[in-house]
Amino acid sequence: MVKVAFLDRDGTIIKDSGYTFRIDDLMWMPDAIAGLSFLVSLGYKIIVITNQSGIARGYYTEKKMNAFHKFMNNDLKQKAGIRIEKFYHCPHHPDGNIKKYRKSCNCRKPRDELFQMAIHDFSIETNQSIVIGNNLSDIIPAINRGINEGFLLYNNDSNRPIENDWPNIMIVNNWMEI
């Protein structure tokens with residue numbers, strides 16, 4: 001069994017510039033690489049779970065997204081000697097322009113199908129794992145699957161809950177508070 005840090009992508013580990021898939025647009029969030037390195041030093045494997053509706057909308061392809069993820073991993077290896085074990089993504093959106101991706105599904109957060117797949121694929125010890133995201137919809141599906149602790153990265157005005165009704169979700173202002 002392994003312990004994992006489940007991470008959202010856009011707005012959590014990289015800047016969300018709106019449908020980010022171009023290599024030239026990769027900008028790591030402040031202190032994200034140091035935070036990822038720290039998590040790896042504590043024995044966590046890193047897994048990213050991300051909604052990528054830009055695929056359904058026709059802004060980019062899964063092939064281009066996979067190339068971007070490969071570039072992210074190469075950049076992490078070069079800068080910190082670490083890697084993301086796997087990227088799980090949802091390419092769907094009910095309002096998508098690409099017919100095969102235009103649908104409601106169980107893999108799009110806040111649903112939990114991608115978390116279920118990762119837990120199965122890696123034999124994850126959920127009570128020893130954590131989740132980090134910049135929206136509650138990134139975190140709650142993991143908590144509902146038995147992930148022990150969540151961190152809500154507060155980096156925009158729309159994601160701070162008025163009251164935190166989830167005792168195992170800590171609201172943090174930046175990566176250094178995790």
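Since the structure is predicted, the reported quantities are computational estimates derived from the model, not experimental observations. (Residues numbered from 1 in each chain as written. Predicted model: local features only at pLDDT ≥ 70, side-chain atom pairs only at ≥ 80, totals over all residues. Heavy atoms only, no water.)

K.L.:
Any chance you could explain the overall build of the protein chain here in plain terms?
P.N.:
Helix and strand counts for the protein chain come out as five helices and six strands. Along the protein chain, helices (α) and strands (β) appear in the sequence β-α-β-α-α-β-α-β-α-β-β when read from the amino end. Here the C-alpha atoms of the protein chain give a radius of gyration of 15 Å, agreeing with the 16 Å that 2.2 N^0.38 yields for 178 residues. Counting only C-alpha atoms, the protein chain reaches 40 × 35 × 35 Å along its principal axes. (Helix = DSSP H or I, 4+ residues; strand = E, 2+ residues; numbered from the N terminus. Rg over C-alpha atoms; globule rule 2.2 N^0.38 Å.)

K.L.:
What is the right way to look at the nonpolar core in this model?
P.N.:
Note that soluble globular proteins tend to have their nonpolar side chains buried in a common cluster. The biggest cluster of nonpolar side chains holds 26 residues, and the ones touching the most others in it are Ile 13, Trp 28, Leu 36, Met 72 and Trp 175. For this core, the secondary structure elements donating two or more residues are strand E1 (4-7), helix H1 (32-41), strand E2 (45-51), helix H3 (62-80), strand E4 (130-133) and strand E5 (149-153). Broken down by element, the residue count for this core peaks at four residues, all from H1. Apart from the residues within four sequence positions on either side, Trp 28 is in contact with Ile 13, Ile 14, Lys 15, Ile 33, Leu 36, Met 72, Asp 75, Leu 76 and Lys 79. Judged by nonpolar contacts, the second largest core, of 21 residues, contains Ile 47, Cys 107, Ile 124 and Ile 169. (Core = buried A, V, L, I, M, F, W, Y, C linked by side-chain atoms within 4.5 Å. Buried < 20%, exposed > 50% of the residue type's maximum accessible area, 1.4 Å probe, protein only. Contact = heavy atoms within 4.5 Å.)

K.L.:
Got a minute to help me understand the sheet that holds strand E6 (residues 169-172) in this structure?
P.N.:
Within a sheet, each strand pairs with its neighbour through backbone hydrogen bonds, oriented either parallel or antiparallel. The parallel open sheet is built from six strands, whose spatial order is E3-E2-E1-E4-E5-E6. Edge strands, defined here as strands with exactly one partner in the open sheet, are strand E3 (86-90) and E6. Pairwise comparison of adjacent strand axes, ignoring direction, gives a mean angle of 20 degrees for this sheet. Those strands touched by H3 are E2 and E3, and its axis lies near 150 degrees from that of E3. (Pairing = 2+ DSSP bridges. Axes fitted to C-alpha atoms, helices over the stretch in contact; angles between N-to-C directions.)

K.L.:
How should I be thinking about the pattern of salt bridges in this particular structure?
P.N.:
Oppositely charged side chains can form a pair if their charged atoms are brought close together. Taken as a whole and assessed by the stated rule, the structure comprises eight salt bridges. Measuring nitrogen to oxygen at the nearest pair gives 3.3 Å for the salt bridge that ties Arg 83 to Glu 85. One connected set of salt bridges, linked through shared partners, spans Asp 8, Lys 109 and Asp 138. (Salt bridge = Lys/Arg side-chain N within 4 Å of Asp/Glu carboxyl O.)

K.L.:
Help me understand the packing of H1 against H3 in this model?
P.N.:
How two helices sit against one another is set out by the angle between their axes and by the gap between those axes. Where H1 contacts H3, the axes come no closer than 11 Å and their chain directions differ by 80 degrees. When the axis of H1 is compared with that of H3, the two are roughly perpendicular. On H3, the residues that touch Ile 33, Leu 36 and Ser 37 of H1 are Leu 76, Lys 79 and Ala 80. Its residues assigned to classes, the contact of H1 with H3 comprises four nonpolar, one polar and one charged. (Parallel < 35°, antiparallel > 145°, perpendicular 65-115°, else oblique. Nonpolar A, V, L, I, M, F, W, Y, C, P; charged D, E, K, R; others polar.)

These figures capture arrangement, not role.
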